[in-house]
Structure formats: C-alpha cells, structure tokens
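# A look at the structure
What follows is the residue order along each chain.
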Amino acid sequence: EANMDILDHPEDLDLFDTKWLIAGRNPVKPAHYIARGARMVNSCLTDGCVIQGDIEHSVLFHSVRVEAGAIVKDSILMPGVRVREGAYVNKAIVGPGAIIGPGARIGYSCFGVSPYTSPICSEDITVIEDGIEIRANVDIPCNGMVELPQGVASDACIAGRIPRHG
C-alpha cells in the first residue's frame, strides 16, 4: 500500500511546487483518451493511454489500453499493457507489453486466504511477466507470479509469449 501513497495522500506531495523539479524522459505519445462511459477513480495515467473500462486506485504508464467492460483496481500497469474486454485485474503489477485476455480474472480470489506465499508476491499482489498474453477466461489467484519458463511450449500454459518484432 505504501507504493500508492501519491494516490492516497496527494496533500503530502505538491506536484506544482516549482522548487521540486521533476524531470523524466517520456516517449512522444498522443494525449490520453477516456471514453464516454469509462470510469476513473483516484488513479494516475499518462500519455497514450486509452481507457474504455473502469480504473480505480491504479497507476497506468504510457500506452496502456483498457477495453470496455474491463475493471482494473489497486494495480500498476506498465507501458503498453492491454486489458481486454471483460477482464478483471485486482492488486496486480503487470509487466510491459503484457496482454490480459478477455474475461480473464487476475488476483480475483484473495479474501484473506491464499494458497501461495512468497517474499516476492505477498500481501495479495499478483505479478505478470512482461511480454506475455494471459489467455481468455483464465483465473489467476493473488500472491502469484505468472511467467513462461524456458523450454515449455506456450500452448501448454495459461499464457503465451507475444512475438517481438524488430
């Protein structure tokens, strides 16, 4: 929860204070777009995002796309993430370029009890590796990490590797 302090306590950090220089390299992207019917609550996003679904208490890096009917709560979506129609993402860190398939549920099953414990994934957080696609209608519980091991055929997994071009 400490990582979301800027959302929970914006009064503690004055982003308009001219004595605090915030410099960063941002890719040149069009302005973000929030569609009619989309909902953004207590969240932060940047250029190139297209929001058609619901976002609550989350941070979205550039070029994230959340399709209609998708819900993202208490999550961090890295650059280029795509959350497809009807997907549900809760308390997740989703790596760059990952795709959450339509109807998939990430971190849906945590209500104080989890089958997983790990020093990396704890406190009901789910981590999704960069550059993979979670298949449609897959359920991934909290406190887990989804990655594709080397040498395992992606058609045998709940996720596949997105081909890289270039």
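Residues numbered from 1 in each chain as written. Predicted model: local features only at pLDDT ≥ 70, side-chain atom pairs only at ≥ 80, totals over all residues. Heavy atoms only, no water.

### Side note on the sheet that holds strand β2 (residues 39-41)
- The strand order β2-β4-β7-β10-β13-β16 describes an open sheet built from 6 strands, whose pairing is parallel. What marks the edges here is a single partner per strand, and that holds for β2 and β16 (139-140). (Pairing = 2+ DSSP bridges. Helix = DSSP H or I, 4+ residues; strand = E, 2+ residues; numbered from the N terminus.)

### Digging into the nonpolar core
- Core analysis: the biggest nonpolar cluster contains 28 residues, and Val66, Val83 and Ile134 have the highest contact counts within it.
- Breaking this core down by element, the ones donating at least two residues are β11 (92-94) and β15 (132-134).
- Leaving out residues up to four positions away in the same chain, valine 83 has contacts with Arg65, Val66, Glu67, Ala70, Val72, Leu77, Val89 and Ile100. (Core = buried A, V, L, I, M, F, W, Y, C linked by side-chain atoms within 4.5 Å. Buried < 20%, exposed > 50% of the residue type's maximum accessible area, 1.4 Å probe, protein only. Contact = heavy atoms within 4.5 Å.)

### Notes on the pattern of salt bridges
- By the definition in use, this model includes 5 salt bridges.
- Aspartate 54 is the partner of arginine 39 in a salt bridge, and the nearest nitrogen-oxygen pair spans 3.9 Å. Here arginine 39 is found in strand β2, whereas its partner aspartate 54 is found in strand β4 (residues 54-56), with 15 residues between them in sequence.
- Arginine 39 sits in the partly exposed class, given a relative accessible area of 37%.
- Of the residues examined, aspartate 54 reaches a relative accessible area of 22% and is grouped as partly exposed. (Salt bridge = Lys/Arg side-chain N within 4 Å of Asp/Glu carboxyl O.)

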